[in-house]
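The chain contents come next:
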Amino acid sequence: MINRVLHVLTLLYGLNFSHHGSDLRIYGGKDADMEKYLFVVFMEKHINITHQGVWKLNYVPLCSGTALSSTWTLTASHCLDNENEALETESLFIRYNTAGELQRKKIMKVILSPNLQLHNVAIANDISLVKTDSIQLPFYAKLSSVDYTTLIGQEAILLGYGQTHTIYEKDPGTNYTLKMMDVMLMKCKHFPFIKIYTRMCTVPKCGVSEFLCPGDSGGTVLHSSGVIGVHSASLRCFLQKNSPLFGRFNYASIDMPVSPYLDWIRNEITRD
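The following paragraphs examine the structure supplied in this document. Not measured: the values here are computed from a predicted model.

### So, the overall build of the protein chain
A count of helical and extended segments in the protein chain gives three helices and 16 strands. Residue burial in the protein chain is summarised as follows: out of 272 residues, 54% are buried. Long-range contacts, defined here as pairs at least 24 residues apart, represent 72% of the contacts in the protein chain between residues at least 6 apart. Working note: accessible area of the protein chain is about 12,200 Å², and carbon and sulfur atoms make up 52% of it.

Spelled out as structure tokens, the structure:
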């Protein structure tokens, strides 16, 4: 039911909460310095497929995330809301880079946010934690304690993983590179037919057409004070440029702010 409702919203308004699809990147962004943002990670699902009678191991892309410590990563709830079976079969992984080498660690536990809502009239609390085998990085993300409502008009950076092409431009570059874009934080306007609670929005700087696509969901909103948000949705990823709806909402992303969930994050991490 959730998937059907979100599919209709995508068709009508470009509102996209899906973590699957072929357009998995920040559109209009630029390659990020991997060494500077090692804490931005990528979630994948391990599946076995057969081709001409031969079993083959595949990793299916899910979402991005932010490593808070060696065992805890922050992401969006909608990325993992329907992945219980995959978790039980130990087929969910976090992929990350360190010392120039690709690494994967199993996701052992998923904690969805309390009072999560993903339905036809409201989206709320789209934030979650995942616990993994130890991810050894030289540093991890710092969460900002600044109230997100005081940050309107300030600069931030969006970070997310994804394939390096969209329906608007074809780029044969390396798949699943870390992308970033410079944005300004703003107050979200009213969205038609749906309420998205506890949210903040970003707009691209200088009027550039940049925005998030699926795969970047769960990624990082980074402010000078630390991580201030998690990517939740995009309004324009699948809209054609000549669509009358394109540009009506000049949002690069719709995000779940971190500050209202700091106590929940701290309690969950220290409890386990």
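Read on, since the account is not over.
### Observations concerning helix H3 (residues 262–271)
For an α-helix, 3.6 residues make a turn, and residues three or four places apart therefore share a direction. For H3, every residue scored as buried is listed here: Leu262, Trp264, Ile265 and Glu268. Viewed along the axis of H3, the buried residues span an arc of 165°, placing them on a single side of the element. Exposed side chains of H3 directed beyond 90 degrees from the buried face belong to Thr270 and Arg271. Buried residues along H3 sit in contact with strand E4 (72–75), strand E6 (101–112) and strand E9 (128–132).

### Focus: the pattern of salt bridges
Applying the stated rule across the entire model yields five salt bridges. Ionic pairing is found between Arg104 and Glu44, a salt bridge with its closest N-O pair at 2.7 Å. Of the two residues, Arg104 sits in strand E6 while Glu44 sits in strand E2 (residues 40–51), which places them 60 residues apart along the sequence. Using a relative accessible area of 29% as the deciding quantity, one classes Arg104 as partly exposed. Relative accessible area serves as the criterion here: at 2%, Glu44 is assigned to the buried category. For Arg271, the salt bridge identified is with Glu268, shortest N-O distance 3.0 Å. Here the residue Arg271 and the residue Glu268 both occupy positions in helix H3, the gap between them amounting to three residues, near one helical turn.

### Some points on the pairing of strand E13 (residues 200–204)
Burial within E13 is extensive, with five of its five residues counted as buried. Burial along E13 is two-sided: the face carrying Met200, Thr202 and Pro204 and the face carrying Cys201 and Val203 are both buried. Here strand E11 (residues 177–186) runs beside E13; their pairing, made up of four bridges, is antiparallel. Counted as the bridge partner of Met186 is Cys201 from E13.

### Things to note about the state of the cysteines
This structure, assessed with the given rule, holds two disulfides. Covalently, Cys63 is tied to Cys79 through a disulfide, its sulfur atoms 2.0 Å apart. A torsion of -90° about the S-S bond marks the disulfide between Cys63 and Cys79 as left-handed. Of this pair, Cys63 sits in strand E3 (residues 54–67) while Cys79 sits in the loop between E4 and helix H2 (84–88); the two residues are 16 residues apart in sequence, bridging distant segments of the chain. Cys79 shares its class with Cys63; the two are buried. Here Cys188 engages in a disulfide with Cys201; their sulfurs sit 2.1 Å apart.

### Considering the sheet that holds strand E12 (residues 195–196)
Within the open sheet, the three strands sit side by side as E7-E8-E12. Their pairing is mixed. Each edge of the open sheet is held by one strand with a lone partner, namely strand E7 (117–118) and E12. The pairing of strand E8 (residues 122–124) with E12 spans two bridges and is classified as parallel. Counterpart to Ala122 in the pairing with E12 is Lys195.

Conventions and cut-offs
- Residues numbered from 1 in each chain as written.
- Predicted model: local features only at pLDDT ≥ 70, side-chain atom pairs only at ≥ 80, totals over all residues.
- Heavy atoms only, no water.
- Helix = DSSP H or I, 4+ residues; strand = E, 2+ residues; numbered from the N terminus.
- Buried < 20%, exposed > 50% of the residue type's maximum accessible area, 1.4 Å probe, protein only.
- Contact = heavy atoms within 4.5 Å.
- Areas by Shrake-Rupley, 256 points an atom, 1.4 Å probe, with all protein chains shown as cover.
- Arc of directions from axis to C-beta.
- Salt bridge = Lys/Arg side-chain N within 4 Å of Asp/Glu carboxyl O.
- Pairing = 2+ DSSP bridges.
- Disulfide = S-S within 2.5 Å.

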